[in-house]
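Structural overview
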Amino acid sequence: MSALSQRLQAIDALRGLVILIMMVDHVRETFYLHHQVPDPMRIEETEASLFFSRILAHLCAPVFVVLTGLSAYLYQAKHNSLSMTREFLLKRGLFLVILELLVINFTWTGQFPPHVIYLQVIWAIGISMIVLAMLIGLPQRILWLIAILIIFGHNLLDQVSLQQMPILQPIWLILHERGWIEWGEFLKLRTSYPVLPWIGVILLGYSIGATVFQAQMTPQRRSIYLWVFGCGSITVFLILRMLNFYGDSAWLEMSTPLQTLMSFFNLTKYPPSLLFILWNVGLGLLLLVVLEKVQQRAWVRPLIIYGSVPMFFYIVHLFVLKLLYVLAVALWGQNHGDYFGVNQVSTLWWIAIILCIVLYPLMLWFSKFKHQNKQIPLLKYL
């Protein structure tokens, strides 16, 4: 097996790990809507099991996006062509944007044509890929600088509002402020994932790839670099969080030590704050180091399979969850106000574990089919 293939296996394993974590969160968003959580969460109103399940899921989007940037560099290194990489990113980015609008939104709302469109993580990744395609020709130092400026500086824009400038307001909502864009009486867009911080994260992933995943880099040296980046990111997070003056809403000393701990890690995702990015990207890089060391173990194989077909899994699991919810309502009705839901967070975990086991044979089959039919262009997007 080539060194590139080994690197890709570790990346797939990490992507697969966060996919399984994502399943838990999407089960929560399907069967626990009677206990919806704001962003950031309200500590006094949120049970610890729900809080930490949600905090664990915060790892997913930053890892997806940073790995997208890293994988873009590996694609460029493999083909040794800036133009091919740019074309690939543009096509893939546009595909993801269209997929979000036409397919992913339907899996959440069940409406077609939609009256409300939620611009979520797939949209954000697609837009970020398009922006990356336009920037990858810049010198590597400039890309590092842009990534760091966006990640560390975007919270300075939190108080900016363009409500008095209706022409520019939609653009600002797409870039940095979660809100609603209304087109007449028939269509509303919810900018759930403002894209500016995610552009910084994808640029960071590409820059890490160009720095650490060069062909001449030994696995041992690469692990050291990733370990330093990961630990450095978490260290900066801890320093800024202790100082409690920038990068997210301030944490508070609560009535119990557990609630104080929850307040400390109560980070903002929409849009992702500086501290949110530092903590979760740092953890992701450390996990990548660990998974590259154990990627040949048998227990890692399912993670690699899941991570090799991320978009296929994403679409399938959302349709499965929607079907299960419709069936549950038909069988048992709405047992929590306007929703059907389960009563315990532990039940969400059991549902997610069972679904991941049940869906694995399908993911294994599609992974094999995808790699045996590389001549089919559409499969590259799944």
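An account of the accompanying structure is given in this report. Keep in mind it's a predicted model, so treat the numbers as computed, not measured.

Looking at the overall build of the chain
Each helix and strand counted, the chain has 14 helices and three strands in total. The C-alpha atoms of the chain give a radius of gyration of 21 Å, which matches the 21 Å a tight globule of 382 residues would have. In terms of its C-alpha atoms, the chain occupies a principal-axis envelope of roughly 60 × 50 × 50 Å. The buried share among the 382 residues of the chain stands at 53%.

Thoughts on the nonpolar core
By size, the foremost hydrophobic cluster in this structure holds 123 residues, and its most contacted members are Phe 31 and Phe 213. Ranked by the residues each element gives to this core, the list is headed by helix 11 (residues 274-294), at 13 residues.

Overview of the layout of surface pockets
Each pocket or cavity is described by its volume, and for the largest pocket that value is around 1,700 Å³. In this structure, the largest pocket is lined by 49 residues; those nearest its centre are Leu 8, Arg 92, Ser 308, Lys 370 and Lys 380. Counting only elements with at least two residues in the lining of the largest pocket, the list comes to helix 1 (3-31), helix 3 (60-79), helix 4 (82-109), helix 5 (121-135), helix 12 (301-308), helix 13 (310-332) and helix 14 (345-372). For the lining of the largest pocket, the element with the highest residue contribution is helix 1, accounting for nine residues. Among the residues making up the lining of the largest pocket, the classes are represented as 28 nonpolar, ten polar and eleven charged.

Considering the pairing of strand 3 (residues 187-190)
Here strand 1 (residues 116-118) runs beside strand 3; their pairing, made up of three bridges, is parallel. Counted as the bridge partner of Val 116 is Lys 188 from strand 3. Here four bridges tie strand 2 (residues 180-183) to strand 3, and the two strands are oriented antiparallel to one another. Across the sheet, the residue bridging to Trp 183 is Leu 187, located in strand 3. Counted along the chain from strand 2 to the antiparallel partner strand 3, the turn is three residues long, and its residue Gly 184 has a positive phi close to 70 degrees.

Points about the sheet that holds strand 2
Read across the open sheet, the three strands follow the order 1-3-2; overall the sheet is mixed. Since the sheet does not close on itself, it has two edges, and those belong to strand 1 and strand 2, each with one partner. Taken pair by pair, the neighbouring strands of this sheet meet at an average axis angle of 20 degrees, ignoring direction.

Notes on empty space enclosed by the protein
As enumerated under the stated definition, the model contains one cavity of 30 Å³ or more in all. If you trace the largest cavity, you find it lined by Val 24, Asp 25, Arg 28, Leu 50, Ser 53, Val 345, Leu 348 and Trp 349. Looking at the lining of the largest cavity residue by residue, the class counts come to five nonpolar, one polar and two charged.

Here we look at the pattern of salt bridges
Summed over all chains, the structure comprises seven salt bridges. Asp 25 is the salt-bridge partner of Arg 28, the closest N and O atoms lying 2.8 Å from each other. Of this pair, Arg 28 and Asp 25 both sit in helix 1, separated by three residues, roughly a single helical turn. Neither Arg 28 nor Asp 25 differs from the other in exposure class; each is buried. Residues Arg 42 and Glu 45 are paired through a salt bridge, measuring 3.0 Å at the closest nitrogen-oxygen approach. Salt bridges sharing partners connect three or more residues here, namely Asp 25, Arg 28, Glu 29 and Arg 54.

A look at helix 11
Given a rise of 1.5 Å per residue, 21 residues ought to cover 30 Å, and the 31 Å separating the end C-alpha atoms of helix 11 matches this to within 8%. For helix 11, the tally of buried residues reaches 17 of 21 residues, placing the bulk of the element in the interior.

Notes on the packing of helix 13 against helix 14
Closest axis-to-axis distance for the helix 13/helix 14 pair is 11 Å, and the angle between their directions is 140 degrees. It follows that helix 13 is oblique to helix 14 by the angle criterion. As for the relative orientation of helix 13 and helix 14, their crossing is right-handed in sense. Contacts between helix 13 and helix 14 involve Phe 312, Phe 313, Val 316, His 317, Val 320, Leu 321 and Leu 324 on the former and, on the latter, Leu 355, Leu 359, Leu 362, Met 363 and Phe 366.

Comments concerning the packing of aromatic side chains
For the structure on display, the rule yields 25 aromatic pairs. Seen from their ring centres, Tyr 75 and Phe 88 are 4.3 Å apart, and the 15 degrees between their planes marks the pair as stacked. Separated by 13 residues along the polypeptide, Tyr 75 in helix 3 and Phe 88 in helix 4 bring together distant segments of the chain. Phe 88 gets classed as buried once you look at its relative accessible area, which sits at 19%. When the centroid spacing of 6.3 Å and the interplanar angle of 50 degrees are considered together, the rings of Phe 106 and Phe 319 count as tilted. Separated by 213 residues along the polypeptide, Phe 106 in helix 4 and Phe 319 in helix 13 bring together distant segments of the chain. Under the relative-accessibility criterion, Phe 106 is labelled partly exposed at 31%. In this structure Phe 319 comes out as partly exposed when scored by relative accessible area, which is 36%.

Let's talk about the environment of Pro 170
Relative to the helices and strands, Pro 170 is located in helix 7 (residues 169-175). The spacing of Pro 170 and Ile 104 is 66 residues in sequence and 22 Å in space, taken between C-alpha atoms.

Overview of the packing of helix 3 against helix 5
One way to put it is that helix 3 packs onto helix 5 with a least axis distance of 11 Å and a crossing angle of 30 degrees. Between helix 3 and helix 5, the crossing angle belongs to the class labelled roughly parallel. Seen from above, helix 3 lies across helix 5 with right-handed handedness. Facing helix 3, whose interface residues are Ala 61, Phe 64, Val 65, Thr 68, Gly 69 and Ala 72, helix 5 presents Val 121, Ile 125, Met 129 and Leu 132. Residue composition of the contact of helix 3 with helix 5, by class: eight nonpolar, two polar and no charged.

Calculation rules
- Note on numbering: residues in each chain are counted from 1, in written sequence order.
- The predicted nature of this model means local features are confined to residues of pLDDT at least 70 and side-chain atom pairs, given and counted, to a pLDDT of 80 or more, with totals for whole chains, interfaces and linings taken over all residues.
- As a rule here, side-chain values cover all heavy atoms of the structure and leave hydrogens and water aside.
- Numbered from the N terminus, helices here are DSSP runs of H or I no shorter than four residues, and strands are runs of E no shorter than two.
- Here the radius of gyration uses the C-alpha set of atoms, whereas the globule reference equals 2.2 Å times the residue count to the power 0.38.
- Each residue is placed in one exposure class: buried if its accessible area under a 1.4 Å probe, protein chains only, is under 20% of its type's maximum, exposed if it is over 50%, and partly exposed if it falls in between.
- Side-chain atoms within 4.5 Å link the members of a nonpolar core, which is a set of buried Ala, Val, Leu, Ile, Met, Phe, Trp, Tyr and Cys residues.
- Each cavity reported here is a set of points on a 1 Å grid over the protein atoms alone in which a 1.4 Å probe fits but cannot get out, each pocket an open set with protein on both sides within 12 Å along at least five of seven lines, and each lining residue one with an atom within 4 Å of a point.
- Grid points are joined across faces, edges and corners, and a volume is the space filled by probe spheres set on the points.
- Residues were grouped as follows: Ala, Val, Leu, Ile, Met, Phe, Trp, Tyr, Cys and Pro as nonpolar; Asp, Glu, Lys and Arg as charged; and all remaining residues, including Gly, as polar.
- For two strands to be treated as a pair, DSSP must find at least two bridges joining them.
- To obtain an axis, a line is fitted to C-alpha atoms, over the contacting stretch when the element is a helix, and the angle between two such axes runs from 0 to 180 degrees between their N-to-C directions.
- Salt bridges are defined by distance alone: a side-chain nitrogen of Lys or Arg within 4 Å of a carboxyl oxygen of Asp or Glu.
- A helix is expected to span 1.5 Å multiplied by its residue count minus one.
- Here is the rule for angles: anything less than 35 degrees is roughly parallel, anything more than 145 is roughly antiparallel, 65 through 115 is roughly perpendicular, and the remaining ranges are oblique.
- By definition, turning the near helix anticlockwise from the far helix through less than a right angle yields a left-handed crossing, and turning it clockwise yields a right-handed one.
- Note on contacts: a residue pair is in contact if any heavy atoms of the two residues lie within 4.5 Å.
- Aromatic rings from Phe, Tyr and Trp, with only the six-membered ring used for Trp, were paired whenever their centres fell within 6.5 Å, and each pair was classed as stacked if the ring planes differed by under 30 degrees, edge-to-face if by over 60, and tilted otherwise.

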